[in-house]
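Descriptive structure summary
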Amino acid sequence: MDEKMPEYLHLPLQVLWFDTPELTLLAMLYILAAIFGGIAWAFLFVGPILIIPYKRAQPRGYFSHLMYVLGWQGYAGYPSHTLSRFAE
């Protein structure tokens, strides 16, 4: 079998010009618009126009760390973000 290795292994998954957090945002807004309808469809178009430029101005991995601090995502092998003292 002749398989091709990607040139840059460290780059995140990208579809068109959106990377993974942006695609997640678009998918969540689409699902909310499909459920609620009406004015929620406007957020599908206005939300990315406001949020994506803000995200691209932040350092790499900003949303992953933000989700960790908010408690929506955990890292395997790491304690909760609410701990003030940690002893190994």
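Above this text you will find the structure in question.
Described in the following lines is the structure provided in the data block. (Residues numbered from 1 in each chain as written. Predicted model: local features only at pLDDT ≥ 70, side-chain atom pairs only at ≥ 80, totals over all residues. Heavy atoms only, no water.)

A separate point is the overall build of the protein chain. When its secondary structure is counted, the protein chain shows 3 helices and 2 strands. The N-to-C order of helical and strand elements in the protein chain reads β-β-α-α-α. For the protein chain, buried positions account for 16% of its 88 residues. Within the protein chain, contacts between residues at least 6 apart in sequence are counted, and of these 30% link residues at least 24 apart. (Helix = DSSP H or I, 4+ residues; strand = E, 2+ residues; numbered from the N terminus. Buried < 20%, exposed > 50% of the residue type's maximum accessible area, 1.4 Å probe, protein only. Contact = heavy atoms within 4.5 Å.)

When you line up the elements, Lys-55 lands in helix H2 (residues 40–57). According to the relative accessible area criterion, Lys-55 is buried, its value standing at 14%.

Moving on: the packing of aromatic side chains. Applying the stated rule across the entire model yields 1 aromatic pair. Considering the side-chain rings of Tyr-30 and Trp-41, the 5.8 Å spacing of their centres and the 75 degrees angle between planes classify their relative orientation as edge-to-face. Here Tyr-30, found in helix H1 (residues 20–36), pairs with Trp-41, found in helix H2; they are 11 residues apart in sequence, far enough to count as distant. Its relative accessible area of 47% is what places Tyr-30 among the partly exposed residues. (Phe/Tyr/Trp six-rings, centres within 6.5 Å; stacked < 30°, edge-to-face > 60°.)

Turning to the side chain of Glu-22, a few remarks are in order. Assignment of secondary structure puts Glu-22 in helix H1. Reaching out from Glu-22, the side chain makes a polar contact with the side chain of Arg-56 at a distance of 2.9 Å. (Polar contact = N/O pair within 3.5 Å; in protein donor to acceptor, adjacent residues only side chain to side chain.)

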